[in-house]
Amino acid sequence: MRSRLRKCVVGAVAAAVALSTVAAAGPAQAHPKPHDNVSKIVKAVSGKNVKKHLKVFQAIADRFDGTRVSGTRGYDASRDYVALRLRLAGYKVTVQPFEFLFEGYRTPPVLKRTAPEQETYNYGFFSDYIAMGDSPAGSVSGQVQPVDLVLPPGEPNSSSSGCEASDFEGFTAGGIALMQRGTCNFRIKVENAIAAGASGAIIFNEGQEGRTEIDLNPVLGGPGITIPSFFTSFAVGQELAAEGTSVTMNWDPISETRTTYNVIAESRKGDPDNVVMLGAHLDSVQEGPGINDNGSGSAGTLEVALQMAKLKPKNKMRFAFWGAEEFGLLGSEHYVANLTEAERAKIALYLNFDMIASPNYTFGIYDGDGDAFGTAGPPGSDQIEADFEKFFADRGEPFKATAFTGRSDYGPFIAVGIPAGGLFTGAEVLKTAEEAAIFGGTAGIPLDPCYHQACDTIKNISDKALDVNSDAIATLAATYAFDTGTIGAAAPTQARAAQAEHRHGPAEALK
């Protein structure tokens, strides 16, 4: 299997090399001016070349069960592709292994309405349904039996659906209990359903403002539940409440320790005491190939690295491709935690690129100075934000601040006082009418309608956003390669330690 995997990766690399205009690292021009380097690199980094990497990621996912999630062959093939391209370009490449708890499924989950009309629902956070935490495996089919629902919903916690055994009077054993969130915890509802003879349980969000989508991680509170249990959006639950509805449910979970990897590439030239670092997470969720999330950030960062291999930077350049971000920023956390204090102090800044080509995009820049969202990054993050803003202003492109909360792989860096910044074109949040007027696109739908879903494919990309943001990455990378100004300049260890006291809370596991 190892030889077949390598053959697949080498073939993908060969095809990409044949298509790409990227040349192997060669001697730089004699003493070019820094601004010449910037314009040269930006010109070389085209969206067309970046998209060729996305096509390789898509081909990898197509070969390996439709996913590039960490701990699987799809991720390992993505790792090998990136590492080999960087080695061929002349970088010193380190593949850093680490263990993590893989929680997913062996076979794809299923929630399918079989009557009165067929419909297959989409699995995943910010989608139609998810399995409840601690739900056992199970595959069942049966008639849906609504249990004391409140439709339309009333005031908060108006529903007590499933909270009392009396709610199940007249319940036919073997049916699938449909319950509504509210009043009591989820476990009580499911335990009452089991006592009534239910073969499966579906709980849907209550329906009031703020309680319509799957925006939480519903858990059943430990082992002991004996029937498969799903949580759905309010809209799905309302559909399933219709008379004569039958469904099929399948849940086949897996939880085990696996090994995954970070890929770290470092320039052989440049001041090792002043490191400019760029990063993007390489993994997808299990539900899909993750071409926007985050093939786009990985591809943009990779292409910039390949083009910058032609330069002799004044500062050391380091490019990171993180594993297991989708399990809670585990790759970047592992990397930062294993740096010594002295090694951390040498990192002048970190730039993060997570979802840079959302199809219904806005051009988001992390709010380094905190003036938009009230949470600033470590000193120097404000200048990074300003430098990105200047790029977009010079291009005549609109831009907006996006919250700097530690939600992506910059989180572990700002937690230890390293200045950071980056770009983000949006995930599950709905585009506003004001944003649609400024950026184009469609108001009232998510910035990425395929976020964390199987449809996050090569078709789920804005070519314009990919091209513009890749140029933005190239501009700042090539600028900082020769001059970081005062960002992170000679920050002593004690100063970094003091900065680390101003943490911004734990990084969120979900985007």
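Residue indices follow the written sequence of each chain, beginning from 1 at its first position. The predicted origin of the model limits local features to residues at a pLDDT of at least 70 and limits the giving and counting of side-chain atom pairs to 80 or more, whereas totals for whole chains, interfaces and linings rest on all residues. No hydrogens and no water enter the side-chain calculation; it runs on all heavy atoms of the structure.

Caption draft 1: Representation of helix α4 (residues 73–88). Taking 1.5 Å per residue as the helical rise, α4 with its 16 residues ought to reach 22 Å, and the 22 Å between its terminal C-alpha atoms agrees with that figure. Burial here depends on accessible area, computed with a 1.4 Å probe over protein chains only, as a share of the maximum for the residue type. Under 20% is buried, over 50% is exposed, and the range in between is partly exposed. Numbering of helices and strands starts at the N terminus; helices are DSSP runs of H or I of at least 4 residues and strands are runs of E of at least 2. Within α4, twelve of the 16 residues are buried, which leaves it mostly tucked inside the rest of the structure. For α4, the complete set of buried residues consists of Gly74, Tyr75, Asp76, Ala77, Ser78, Arg79, Tyr81, Val82, Ala83, Leu84, Arg85 and Leu86. One or two residues past the end of α4 sits Gly90, with phi positive at roughly 105°. Here a helix's expected span is defined as the number of its residues, less one, multiplied by 1.5 Å.

Caption draft 2: Quick look at helix α3 (residues 47–63). Between its first and last C-alpha atoms α3 spans 24 Å; for 17 residues at 1.5 Å apiece the expected length is 24 Å, and the two agree. A large share of α3 lies buried, amounting to twelve of its 17 residues. By the burial criterion, the buried members of α3 are Gly47, Asn49, Val50, Lys51, Lys52, His53, Leu54, Val56, Phe57, Gln58, Ile60 and Ala61. Where α3 ends, the next residue or the one after it, Asp65, has phi of about 65°, a positive value.

Caption draft 3: Structural detail: unusual backbone geometry. Of the consecutive residues Ala115 and Pro116, the connecting peptide bond is found in the cis state with omega at 5°. On the secondary structure map, Pro116 appears in the loop between β2 (110–115) and β3 (119–120). Note the cis peptide between Leu151 and Pro152, where omega equals -5°. If you trace the backbone, Pro152 turns up in the loop between β5 (138–146) and β6 (176–180). For Ala324, which is not a glycine, the phi torsion comes out positive at approximately 55°. Within the secondary structure, Ala324 sits in the loop between β12 (315–322) and α8 (330–337). Overall, Ala324 belongs to the buried group, its relative accessible area being 0%. The phi angle at His452 is positive, at roughly 60°, despite the residue not being glycine. Note that His452 resides in the loop between α12 (433–439) and α13 (463–480).

Caption draft 4: Region of the structure containing the sheet that holds β3. Strands are treated as partners if at least two bridges between them are detected by DSSP. Spatially, the eight strands line up as an open sheet ordered β3-β2-β9-β5-β6-β7-β8-β4, and their pairing is mixed. Only two strands of the sheet have a single partner each, and these edge strands are β3 and β4 (129–131). Where β2 and β3 come together, two bridges link them in antiparallel fashion. By the bridge assignment, Lys112 is partnered in β3 with Thr120. Throughout, a residue-residue contact means that at least one pair of heavy atoms, one from each residue, lies within 4.5 Å. Simply put, an axis is a line fit to the C-alpha atoms, just over the touching stretch for a helix, and the angle between two N-to-C directions goes from 0 to 180 degrees. Contacts from helix α5 (residues 186–195) reach β6, β7 (200–204) and β8 (229–232), with the element oriented near 150° to β6.

Caption draft 5: Local environment of the pairing of strand β13 (residues 347–353). Of all the seven residues making up β13, seven are buried; the element is thus mostly covered by neighbouring parts of the structure. Alignment of strand β11 (residues 271–281) against β13, held across five bridges, turns out to be parallel. Paired with Leu278 across the strands is Leu351, a residue of β13. Pairing between β13 and strand β16 (residues 420–424): four bridges, direction parallel. Paired with Leu351 across the two strands is Gly421, which belongs to β16.

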